[in-house]
Amino acid sequence: MRDVLLFILVVLLHFPNVSHASAIHDAATKGDVAAITAALDAGAAVDQSDGRTTPLYLAVKGGHFAAAKLLIERGADVNAAPEPLLGPVLMLALAKRRIDLIKLLLDAGANPNAQRGREAVLHIAVRSACLDCVKALVEAGADVNAKTKDGKTPLHLAKFKGQREVADYLMSHGVVLPTPAPISMKLASADVEKGRTYFTHVCHGCHNAEAQGGTKTGPNLWGVVGRDKASMANMRYSDTLLGWEGVWTYEDLNRYLFGPMLTTPGVKMETPGVPDETERVNLIAYLRTLSDKPIPLP
Ligand code: HEC
């Protein structure tokens, strides 16, 4: 009996809230500014959840600028992420490529470095080829060097997809391309056998290293040191590698293998590379041996 009374009391206490909540969600979905105002004035909480999402979420989802603006003015949390799979509300605006909504949210303090799953908002803007979205995010402080969980920078994505304008914009707004220290002088004392083992484990799945071997996912690497870059027939190279002039020197290999997507964004070799210097030196010393006449060590 006591439980029943308690239940009725709880229901009564919550009832006004529940009705306002559904009213404000309906109004937000429709973008009905007057109805949102009325619901708020009647006591609905601006970030009231309907079990799944908030009014601001619904307004942005519906593409209703005036409704979103009103909710923000009345204190809605622009960084709430009620549906973790969709991420914060900025992601929704981005998915719709609504630059007005994106700016509204950023001006109101939405986090320009918000993450969803494996990537940041800037990666999503680049993926959707929206230069204006990229600009708005960078102006609001998005990190142009942010990496996805598998090491892709916004510039890599832009170049990979051939988005020249986006790539140029990122380049002139703070992208840093890492340059590893020179290694040529360390090659003489490298451990070629360790390099061979490393190659077998990490590279051989994509690259043949025998003179007669054909193309796999990547080109044959027999004779690669001193060979013209991106010059194997039967291989469809990326524009990035095709555009890199000259032969493969030890230092060019050093730079490339350090982190292909970081040092030479846009490459089709989307692997983490070999950031450890000793491993990289051993590997390059091994690559040198893939030749009838290995070129001299420096
Ligand atoms: C997942 C497959 C994959 C793995 C693993 C891989 N590569 Fe590659 N590699 C490629 C592809 C694809 C290209 C062509 C890149 C392009 O066109 O941008 C390439 C290109 C190269 C080139 C340039 C060759 C040329 O003809 O100009 C070198 C050198 C190279 N890889 C070395 C390595 C080494 C060393 C490893 C091991 C640390 C490695 N790769 C691991 C796929 C891979």
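Everything quoted here is computed from the prediction, not taken from an experiment.

A. Just the site of the ligand, in detail. The immediate surroundings of the ligand are formed by 26 residues, with Cys203, Cys206, His207, Ser238 and Met269 found nearest. One of the side-chain nitrogen or oxygen atoms of Ser238 is found 2.5 Å away from an oxygen atom of the ligand. Contributions of two or more residues to the shell around the ligand are made by α11 (192–203) and α13 (250–258). When residues of the shell around the ligand are assigned to their parent elements, the largest contribution, 3 residues, is made by α13. A per-class count over the shell around the ligand returns 18 nonpolar, 5 polar and 3 charged.

B. The arrangement of unusual backbone geometry in detail. For Arg97, which is not glycine, the phi dihedral falls at a positive 50°. Position of Arg97 relative to the elements: it lies in the loop between α5 (89–95) and α6 (99–107). Its relative accessible area of 46% is what places Arg97 among the partly exposed residues.

C. Fine view of the domain arrangement of the protein. For the protein, the assigned domains read domain 1 (2–111) and domain 2 (184–288). Its C-alpha centre places domain 1 at a distance of 53 Å from the equivalent point of domain 2.

D. A look at the packing of aromatic side chains. According to the stated counting rule, one finds 3 aromatic pairs in the structure shown. Judged by centre distance (5.2 Å) and plane angle (50°), the rings of Trp248 and Tyr256 are tilted. Neither residue differs from the other here; Trp248 and Tyr256 are each classed as buried. Ring-pair connections join several aromatic residues into one group, and the members of that group are Trp244, Trp248 and Tyr256.

E. Expanded view of the packing of helix α4 (residues 65–73) against α6. It is the contact of α4 with α6, at a shortest axis distance of 10 Å, that shows an interaxial angle of 5°. What the angle tells us is that α4 and α6 run roughly parallel. Counting all contacts with α4, which are made through Phe65, Ala68, Lys69 and Ile72, the residues of α6 involved are Asp100, Leu101, Leu104 and Leu105. When grouped by side-chain class, the residues that make up the contact of α4 with α6 number 6 nonpolar, no polar and 2 charged.

F. Broad picture of the UniProt feature "repeat: ANK" (unreviewed entry) in the protein. In this numbering, the UniProt entry assigns the feature "repeat: ANK" (unreviewed entry) to residues 51–83, 117–149 and 150–175. As annotated, residues 117–149 has a helix share of 48% and a strand share of 6%, and its two end C-alpha atoms lie 9 Å apart. Measuring from the first to the last C-alpha atom of residues 150–175 gives 18 Å, for a span that is 58% helix and 0% strand.

Conventions and cut-offs
- Residues numbered from 1 in each chain as written.
- Predicted model: local features only at pLDDT ≥ 70, side-chain atom pairs only at ≥ 80, totals over all residues.
- Heavy atoms only, no water.
- Near = heavy atom within 4 Å.
- Polar contact = N/O pair within 3.5 Å; in protein donor to acceptor, adjacent residues only side chain to side chain.
- Helix = DSSP H or I, 4+ residues; strand = E, 2+ residues; numbered from the N terminus.
- Nonpolar A, V, L, I, M, F, W, Y, C, P; charged D, E, K, R; others polar.
- Buried < 20%, exposed > 50% of the residue type's maximum accessible area, 1.4 Å probe, protein only.
- Domains from an automatic or database assignment.
- Phe/Tyr/Trp six-rings, centres within 6.5 Å; stacked < 30°, edge-to-face > 60°.
- Axes fitted to C-alpha atoms, helices over the stretch in contact; angles between N-to-C directions.
- Parallel < 35°, antiparallel > 145°, perpendicular 65-115°, else oblique.
- Contact = heavy atoms within 4.5 Å.
- UniProt positions renumbered as here; feature names shortened; annotations may be inferred.

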